[in-house]
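Examining the three-dimensional arrangement
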Amino acid sequence: MLAYIVKRVLYMIPTLIAISIVAFLLIQLPPGDFVTTLAAEMSQQGDTVDPTTLRMLREQYGLDEPIWTQYWLWISNIVLEGDFGRSFDWDVPVSDLIWNRLGLTLVLSLCALIFTWVISLPIGIYSAVRKYSVGDYVASFLAFVGLAVPNFLLALILMYLAYKFFGISVDGLFSAEYEDAPWSGGKVLDLAQHLIVPVIVLGTSGTAALVRIMRANLLDELYKPYVTTARAKGLSEWRLILRYPVRAALNPFVSTIGWALPELVSGATVTAIVLNLPTTGPLLLRALIAQDVFLAGAMILMLSVLTVIGTLISDLLLAWLDPRIRYK
Amino acid sequence: MGQYSTDDVAPRELGHDPDDPALAEMEDDGTEADGRLMGLERAGAWRLAWWKFKRHKLAVASGILVLLIYFVAAFAEFLAPAAPGDYAARYTYAPPQTLRIWDGEEFGLHVTGYKVEVNPESLAREFVNDPEQKIPVGFFVRGSSYEFWGLFEWDRHLFGPLDPDQPMYLLGADRLGRDMLSRIIYGTRISMTVGLVGVALSLFFGILLGGLSGYYGGHVDNVIQRIIEFLLAIPTIPLWMGLAAAIPPTLPPVQVYFMITIILSLVGWTGLARVVRGRFLAMRNEDFVTAARLDGASEVGLILRHMLPSFASHIIAAVTLAIPVMILSETALSFLGIGLRPPVVSWGVLLQEAQNIRTVATAPWLLLPGMAVVITVLALNFLGDGLRDAADPYSK
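All chains use their own residue numbering, which begins from 1 and follows the written sequence. To label them, take the chains in the order written and letter them from A, then take the ligands in the order written and number them from 1. Totals for whole chains, interfaces and linings use every residue, but because this is a predicted model, local features are given only for residues with pLDDT of at least 70 and side-chain atom pairs only at 80 or more, for both listing and counting. Values reported for side chains reflect all heavy atoms of the structure, with hydrogen atoms and water molecules removed beforehand.

Throughout, a residue-residue contact means that at least one pair of heavy atoms, one from each residue, lies within 4.5 Å. Each side of the interface is counted separately: chain A has 38 residues, and chain B has 36 residues. Note on terms: buried area is the combined drop in 1.4 Å-probe accessible area of two parts once they are placed together, counting the loss on both. Where chain A abuts chain B, roughly 3200 Å² becomes buried across the two surfaces, and 87% of that area is made up of carbon and sulfur atoms. We define a salt bridge as a side-chain nitrogen of Lys or Arg found within 4 Å of a carboxyl oxygen belonging to Asp or Glu. Our count for the contact surface shared by chain A and chain B stands at 0 salt bridges. Those elements that place two or more of their residues in the side of chain A that touches chain B are helix H1 (2-28), helix H6 (134-148), helix H7 (151-166), helix H13 (269-275), helix H14 (280-290) and helix H15 (293-321) of chain A. Elements are defined by DSSP. Helices are runs of H or I of four residues or more, strands are runs of E of two residues or more, and each kind is numbered from the N terminus. Among the elements that make up the side of chain A that touches chain B, the one with the highest residue count is H7 of chain A (7 residues). Among the residues forming the side of chain A that touches chain B, the class breakdown is 31 nonpolar, 6 polar and 1 charged. When residues are grouped by polarity, Ala, Val, Leu, Ile, Met, Phe, Trp, Tyr, Cys and Pro land in nonpolar, Asp, Glu, Lys and Arg in charged, and all others, Gly among them, in polar.

Next up, the structure:
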């Protein structure tokens, strides 16, 4: 087992190096650089743009160096000194920006994840055990609809309904009076209230997918001989189902933990923009469009590292849960 | 089986009685059948798949719906009452009209007109339907002229107001007084083809690389699998956003369109490649492949004639399920403003108009393109599900 883990971790290194290069190139791909964006913005506002200033800015940010030098400076600072650089756009250290938003992003995504599991597990089990019942059809249909509705559309519809029937505006994560207030009971309550719509929106598509997977997997298990054996031995039906086939059917849930990790940070991008949430997604979009190289690069790198680690964790969990995989 | 032996069963005649369970059973027992029935079995796989598919009523209905949607995409100019860019500043955010046949006195297809009222609360001027006014509508009316498939010019539309100067907004109007119905119809064309072109590209790379990977195995397989793993290790949404943000805003719309499809298929092909590879790996050592190889079939012939057809149905199902993913991705990218851009009309571009709650509150009908997305994606998913079940006609 240990050898396996070490091997997997070693495999991660070349992947991560490749990803860091791709991430950096990806951001440099558009024509022009951050200074071009800045100059365009300034001339749009009617300011005169002084070419010497621009040249000085380029020099200051190291933008006139060849791209490999830029990459080397960037990555060596990260690896050797843990310094992610400064955001051009916000003019603050990248790590501050990300840390500021990471907390709320994690709270939101964890709530959505728990919501997904709490809803989808029982429904999936019910759907499989009572196959072809009215409840199963309703659940399956809703699951298909949940998969078909884009998150941002659901967000818009829920916003519209909340506005129309309750007269409340649901964007953001805090009401205006709590925005800059220190943490207190009232603020937590306010946050919880604001979380409802985003959590529903983010949880829906995941719930729909997991209900389908759970149902299919449990159906595969339900008619195996060991279930009949357990039944013949006189176990009560629900106890039997929950103790044996459900446990075996849980494997796919475990393998989604790996995807959940980067999803926790990035997944909500489109929804977050619609609902105006102060999470990392909109930050990344803005950084990409403004060619804020260090910020966007750091975020993509972070997400990729999370994906790779997440995959590793779910593989390990899977091996721990299912001995058949371990000894293969 | 006796009743068929007298009947001299040709596969084509079998088609008359598709639901006869005895036939399906006979196909399963093909190993025991005599030579004539062996001939029948060869014709069987696709036909059986078709029968199995037909039993899935929801999938059949969805299939018809999908065909209809593509029909709309093909004949958008004729079906849409107005051109997508036709604007009328007078009718900003005009609400949907009601279509009626009976106005209380006489029959005749018409829509209600508009009158402007001042909202007592907000004091804003807004349109309301005025049942007193009648705007007669009809079929095959003259409207704005268009070039039909670049072949000839025409000005007939399937339906519209008899007097082209009068307003007809069955699904309301947007910020510039453009007809939502017409724009949704035109959007169908772009949104539906983005999925098709993207999937076609993914399919090409998926089959090519997945096939190489699965057929040759060894080093080739190793390299291709590492590439796939690498692509999957980059989180999809930032990857798309990064690439889409890299498209220069000055590019002409057609090029942006192709860039978007390429971006979408960049990730899409990995999934298909895995399916194809798995199938090839499983099939490489099957008896019929060995037989064909010993029979002197060339490598290309072996792949194209013997292996590919035996999992073509799986690929069709996988493709059907990949199209909705593409459509949803295009919609999301365009909605964010980094996908297709106006004046191109796609469902995502249309939804961009409905980006904030204030607009949605004044003009909820701007969300209607979303309905088109949901219905299309649902139909494609049901169809794909049915096809996947039918893809393996011999499974119970």
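Averaged over every residue, the pLDDT of chain A is 78; the share at 70 or more is 85%. When mean pLDDT is compared element by element in chain A, helix H9 (residues 225-232) of chain A scores highest at 88, while helix H16 (residues 323-326) of chain A scores lowest at 62. Per-residue confidence from the prediction method is given by pLDDT, with values spanning 0 to 100.

Next up on the list: the domain arrangement of chain A. Residues and elements named next belong to chain A. Domain boundaries in chain A define domain 1 (11-81) and domain 2 (101-321). If you look at the interface, domain 1 gives 18 residues, while domain 2 gives 15 residues. Carbon and sulfur atoms make up 80% of the surface buried where domain 1 meets domain 2, a total of about 1400 Å² over both sides. By the criterion of area lost to domain 2, the three top residues of domain 1 are Met12, Ile27 and Trp74, representing 40% of everything that side buries. We define a polar contact as two N or O atoms separated by no more than 3.5 Å, with the added condition that, inside protein, one atom must be a possible hydrogen donor and the other a possible acceptor, whereas residues neighbouring each other in sequence contribute only through side-chain atom pairs. Between domain 1 and domain 2 we count 0 residue pairs in polar contact (both at pLDDT 80 or more) in total. Going through the elements one at a time, H1, helix H2 (34-44) and helix H4 (67-81) are the ones with two or more residues in the side of domain 1 that touches domain 2. Residue contributions to the side of domain 1 that touches domain 2 peak at 9 residues, all from H1. Residue classes in the side of domain 1 that touches domain 2 are distributed as 13 nonpolar, 4 polar and 1 charged. Domain boundaries shown here were taken from an automatic or database domain assignment.

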